[in-house]
Amino acid sequence: MIECWRLDTADATLVLASENRRLPEVLHWGARLPDGEGLVALWRAGMSDVTGGMLDARPPMTICPMREDVFPGAQGCDADLSLRLDGVEEGADPLRLTFRDGQATYTLRAEVDAETGVFTLTARLDGAEAGWLCAPAFPVSPRAEGITTYAGKWIGEFQERVVPFATGAHVREVRDGRTSHEAFPGVLLDEGDGVVAAHLGMSCGHRFVAEQLPDGRRQVQFGPMLGRREREIEAGPLYLTRGADRNAVTRNLHAHFRKHVRSFADPERPRPVHYNCWEAVYFDHDEARLRDIAVRAAELGAERFVLDDGWFGRRDDDTSSLGDWQVDPRKWPDGLGPFIAHVQSLGMSFGIWFEPEMVNPDSDLHRAHPDWVLGPADQPLGRGQLVLDLTQEAVADYLFERIDAVLRDHAIDYIKWDHNRVLPFPDHRQALATYALIDRLRAAHPGVEIESCSSGGGRIDWGILQRTSRVWLSDSNDALERMRIQAMAAPWLPPEVVGSHVGPRVCHTSGRILPMELRAWVAAQRSFGFEMDLAELTGNEVEALARVTAWWKANRDWMHRGQVLTLPTRDPEQFAEMVVSESRDRFALWLGQRGAPADILPDRLRLDGLDERRYRVRRISQDISTPWLSRGDNAIKEGEVHLSGAALMRFGLQPPVMTPASILVLEGVAENG
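A brief report on the enclosed structure follows. Quick caveat: nothing in here was measured; it's all calculated off a predicted structure.

Criteria and thresholds
Residues numbered from 1 in each chain as written. Predicted model: local features only at pLDDT ≥ 70, side-chain atom pairs only at ≥ 80, totals over all residues. Heavy atoms only, no water. Helix = DSSP H or I, 4+ residues; strand = E, 2+ residues; numbered from the N terminus. Rg over C-alpha atoms; globule rule 2.2 N^0.38 Å. Contact = heavy atoms within 4.5 Å. Areas by Shrake-Rupley, 256 points an atom, 1.4 Å probe, with all protein chains shown as cover. Core = buried A, V, L, I, M, F, W, Y, C linked by side-chain atoms within 4.5 Å. Buried < 20%, exposed > 50% of the residue type's maximum accessible area, 1.4 Å probe, protein only. Axes fitted to C-alpha atoms, helices over the stretch in contact; angles between N-to-C directions. Parallel < 35°, antiparallel > 145°, perpendicular 65-115°, else oblique. Left-handed = near helix turned anticlockwise from the far one by under 90°. Nonpolar A, V, L, I, M, F, W, Y, C, P; charged D, E, K, R; others polar. Phe/Tyr/Trp six-rings, centres within 6.5 Å; stacked < 30°, edge-to-face > 60°. Lys NZ or Arg CZ within 6 Å of the ring centre and 35° of its normal. Pairing = 2+ DSSP bridges.

1. A word on the overall build of the chain
Along the chain, the regular secondary structure elements total 14 helices and 32 strands. Computed over its C-alpha atoms, the radius of gyration of the chain comes to 26 Å, within 12% of the 26 Å expected for a compact globule of 673 residues. With the principal axes as the frame, the chain shows a C-alpha extent of 80 × 70 × 40 Å. Long-range contacts, defined as pairs at least 24 residues apart, comprise 69% of the intrachain contacts of the chain with a sequence gap of at least 6. Counting only carbon and sulfur atoms, one obtains 49% of the accessible surface of the chain, whose full area is about 25,400 Å².

If you want it as structure tokens, here you go:
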């Protein structure tokens, strides 16, 4: 007996097929099938032959391959179960399929947003002990030559890696208890007739399998690293979408994120320009100096001042006081109130730094409650700190009470929530407890927004972003590194939630000295801010930073609703990106040159996402190149270009010669509305 179910978007169809009431296979995950297509006939058309060297029947490759299937690849669950269909809820989104074996229940939840083109799949296992459960596995087309995954490190996140398919399994495990710098839980697959994107929206570390079986079939599994055997496990949500190309899946993912994931305290409020004091003062909180910096920040256009690490306990360096969330009277003898009032008098709101999940051994909290630590007492420290066990009710209550008191007693609208060390072992319950604490704080303080920082990009995923309004993409403020990291992360993160700051003249993570024009325009691609000692700025740097800040503020509203498009460049040292407004009446384009150009002259740049209207295109950045290197006539360099959208997309624009560490930014406006 074959039972089938289908979910559709305008461009794609997902078909599930269950044989003899067992867990279903993904029969079809590809281009949209006609309405009324015979799904049982489709199943029969895909029936496998049998030959030597294999079993007399090909084992099914289900959404959760089980031991009973005699499946020759990676299993989706390590519990020994014989699950059979027990219930179906269909006809309304989501589709729910329930399978049972005695007291054990497996539930598949599958839903689709036809408007965004994204499928959301979740698996849940109750009543059986297991140490591994994958989110619903999905097949991969034989036309896909490889799978694009993400490697990385601290200050070097989102490094794309293409893993070729070959018989066998590519397995990656993130065991440090957070999403990690090293392995963002998302993949891209170019299947020849389209691109597939998949993302596991969980913050607890993950296991990822990309596998080709000896019979040629391929599957992808994502699931949480549990760290222990559990009787209640949820794996997912897994977000799936497909489109004609990378830009199409980026459009789908951004639309879905903005509709279902994005979490702003006030959705109508434009994203504010941030000033963060960390790379200006670090732990040296001198109120007079910070007041002067606040004045300078406001004059440059900042709208939110964030007081970073060092305001609490006796926090003079990173070895003490985490957990002691009370204002340090040595640094702030009158408390934070007068300084916050000063910030607000300048037209800025006020944000503050916390690292709630951590504790220093040198802290009042640890001395009073050493039993609140996650893991053994003699474990190695990380950045001088230990992890608090948030699954203990007393720990969660203490953190809520301390943070709630600070928020209640001060006019604060923003928390930079940090997480600067890995867990001693995988434990998905810690991530769930963190979610619960954030949810509790947001319910008590609905006007407060939260940024997810984890030594930069160590905790970036759609699970944490359902509760936070911004992520700190990397601790690197080096504009050349940021250019690459932002480009690689673009499919998964709309620009309005990606914090990007103009850093100090001498970058604190690379030692490079980069021009303000480059630093400012790279930050302007995302959620804009600056983070340096503003007293160091020269007159020219002040002018450039103020100019870019003003431009970003004037254009952020349409950019944060617009479509992000990556433009292909043959030069590996170039990154090109456009943002096109919803109505396609304007756009901004960034062309960054990181290293030495590959050729004598750059290729013509073909634009994307426009319509047939005529556009006025002008350069808004300055200092593209050393004058003697760019000596010829060039329309973009010298003035404006007036061309139809069709011409800009099919013919393109010729950039001028660009030197390493430079950027060209163009603005286009439709001439007839």
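2. A closer look at the nonpolar core
Note on soluble globular proteins: their nonpolar side chains tend to be buried together. Counting residues in each nonpolar core, the largest one holds 115 residues, and the members touching the most others are Phe-158, Phe-305, Trp-311 and Phe-530. Every residue in contact with Phe-158, bar those within four places of it in the chain, is listed here: Tyr-150, Ala-151, Phe-184, Ile-460, Leu-473, Arg-484, Ile-485, Met-488, Ala-489, Trp-492 and Leu-493. Counting 55 residues, the second-largest nonpolar core is a separate cluster that includes Cys-77, Ala-110, Phe-222 and Ile-233.

3. Overview of the packing of helix α10 (residues 479-489) against helix α11 (residues 516-523)
Orientation of α10 relative to α11, taken along the N-to-C sense of each, is 25°, at an axis distance of 9 Å. Taken together, the axes of α10 and α11 are roughly parallel relative to one another. Note on packing geometry: the crossing formed by α10 with α11 is left-handed. From α10, Ala-479, Leu-480, Arg-482, Met-483 and Gln-486 reach across to α11, where they touch Leu-518, Arg-519 and Val-522. Its residues placed into classes, the contact of α10 with α11 shows 5 nonpolar, 1 polar and 2 charged.

4. Let's talk about the packing of α11 against helix α12 (residues 539-559)
Running from N to C, α11 and α12 cross one another at 20°; their axes reach a closest spacing of 9 Å. Between α11 and α12, the interaxial angle falls into the category roughly parallel. As α11 runs across α12, the sense of the crossing is right-handed. From α11, Met-516, Glu-517, Arg-519, Ala-520 and Trp-521 reach across to α12, where they touch Glu-541, Ala-544, Leu-545, Arg-547, Val-548 and Trp-551. Taken together, the residues that form the contact of α11 with α12 break down as 7 nonpolar, no polar and 4 charged.

5. Thoughts on the packing of aromatic side chains
This model, assessed by the stated rule, comprises 30 aromatic pairs. Cluster of aromatic residues (ring-pair linked, three or more members): Tyr-275, Phe-305, Trp-332, Phe-339, Phe-350, Phe-528, Phe-530 and Trp-552. If you follow Lys-416 out to its NZ or CZ, it ends over the ring of Trp-472, 5.9 Å from the centre.

6. Some remarks on the sheet that holds strand β32 (residues 662-670)
With respect to topology, 6 strands assemble into an open sheet ordered β27-β28-β29-β32-β30-β31, the strand pairing being antiparallel. Each edge of the sheet is formed by a strand with only one pairing partner; in this case those strands are β27 (563-567) and β31 (640-644). Across the sheet, the axes of successive neighbouring strands diverge by a mean angle of 20°, strand direction being ignored. In this structure, strand β28 (residues 574-580) lies alongside strand β29 (residues 586-593), joined through 7 bridges in antiparallel fashion. From the neighbouring strand, Val-580 faces β29, where its bridge partner is Phe-587. Docked against the sheet, α12 engages β28, β29 and β32, running at close to 115° with respect to β29.

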